[in-house]
Structures are given as structure tokens and as C-alpha cells.
Amino acid sequence: MELKVCKNCKRLFQYIYGPEICPDCLKNLSHKEPDKPEEELSNTNVTKSINSELELFDKVKEYIITHRKATISDISLAMDVPPKRLFEWIREERLEFSDDSRDAWFTCERCGAKIKSGRLCNRCKDNR
Ligand SMILES: [Zn+2]
Ligand SMILES: [Zn+2]
């Protein structure tokens, strides 16, 4: 029998045959699972478009927080988002304006009161 240095961990071990790797490393290497799940690759494109939409939404939200008096047209210009998209977010109550940006507020679809997001003011919501 012959002593050799393991190519993996550099320890001396009793070499018998095969690759110059000690029995411990041989065991670890052969038990290693392949760590690339292939399913993820096919979904990449879908996830990407969702992420960019969310990213954009987050940026707009941040912009409203840091520019508290910004109006729809300000936001649209600064963030390069069509006003239509902003209105959609606001109608879905995903976006809300600060108390300072009264110019950008909407009117309640029922009574015309100023509202920050959604379609109806709180009063009309309650009386629905
Ligand atoms: Zn080894
Ligand atoms: Zn109302």
C-alpha cells in the first residue's frame, strides 16, 4: 500500500486505486446532488415582466412619498409612466396620495368629494 495526498482535501490517505482522492472526499463527491433545478428556467420570462411592473410601481410609490406635492402629470413625466397606468393603480387603491398633494386627488364617483385613492370616498363606501 502507498500513501498519497488527496487532491481534494490535501490529507494523506492510503491509496489503493482510482482517482487520487481519499475515501471521505470520494463519498462526499459522489453524494453531491446536482443543484440546478431546470424548471426555474422556463418561468424566467414571466417572472421578469411581473418584477419590472412591481419595480416600477415601487418607484412610483417612492416618488409620491418623496415628492409629496407631485401631481399625476409630474409623476408621469418623472417616472416615464403613462398617466393611464397611474389612474389604474389609483382606482385599484394600490396607489395613494399624501395629504399634501391635494391637486392630484380624485373626486368621489358618487358625491364628488376629494379622495386620495379608489373610486368612492369613505362616506359613500360606508353607505354603499
Ligand atoms: Zn480528501
Ligand atoms: Zn362620496
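Below or above, wherever it landed, is the structure these notes cover.

What counts, and where the lines are drawn
Residue numbers run consecutively from 1 along every chain, following the written order of its sequence. Numbering of ligands from 1 and lettering of chains from A proceed in the order in which they are written. Local features are withheld for residues below a pLDDT of 70 in this predicted model, meaning they are given only at 70 or higher, and side-chain atom pairs are given and counted only at 80 or more; totals for whole chains, interfaces and linings count all residues. Think of it this way: DSSP has to see at least two bridges between two strands before they count as a pair. Helix numbers and strand numbers start at the N terminus; a helix is a DSSP run of H or I with at least 4 residues, a strand a run of E with at least 2. Counting other C-beta atoms within 10 Å of its own, a residue is labelled buried from 20 upward, exposed at 12 or fewer, and partly exposed in the gap between, with every C-beta atom placed from the backbone.

With that settled, the discussion passes to the pairing of strand β2 (residues 12-15). Examined bridge by bridge, strand β1 (residues 2-5) and β2 share 4 bridges and lie antiparallel to one another. If you follow Lys4 over to β2, its bridge partner there is Phe13. In sequence, β1 turns back onto β2 through a hairpin of 6 residues, with Lys10 there showing a positive phi of about 65 degrees.

Turning next to unusual backbone geometry. Non-glycine residue Lys10 carries a positive phi angle of around 65 degrees. Even without a glycine there, the phi angle at Asp80 is positive, about 60 degrees. For Asp80, the location among the structural elements is in the loop between α4 (72-79) and α5 (83-91). Take Asp80: there are 9 C-beta atoms within 10 Å of it, and that puts it in the exposed class.

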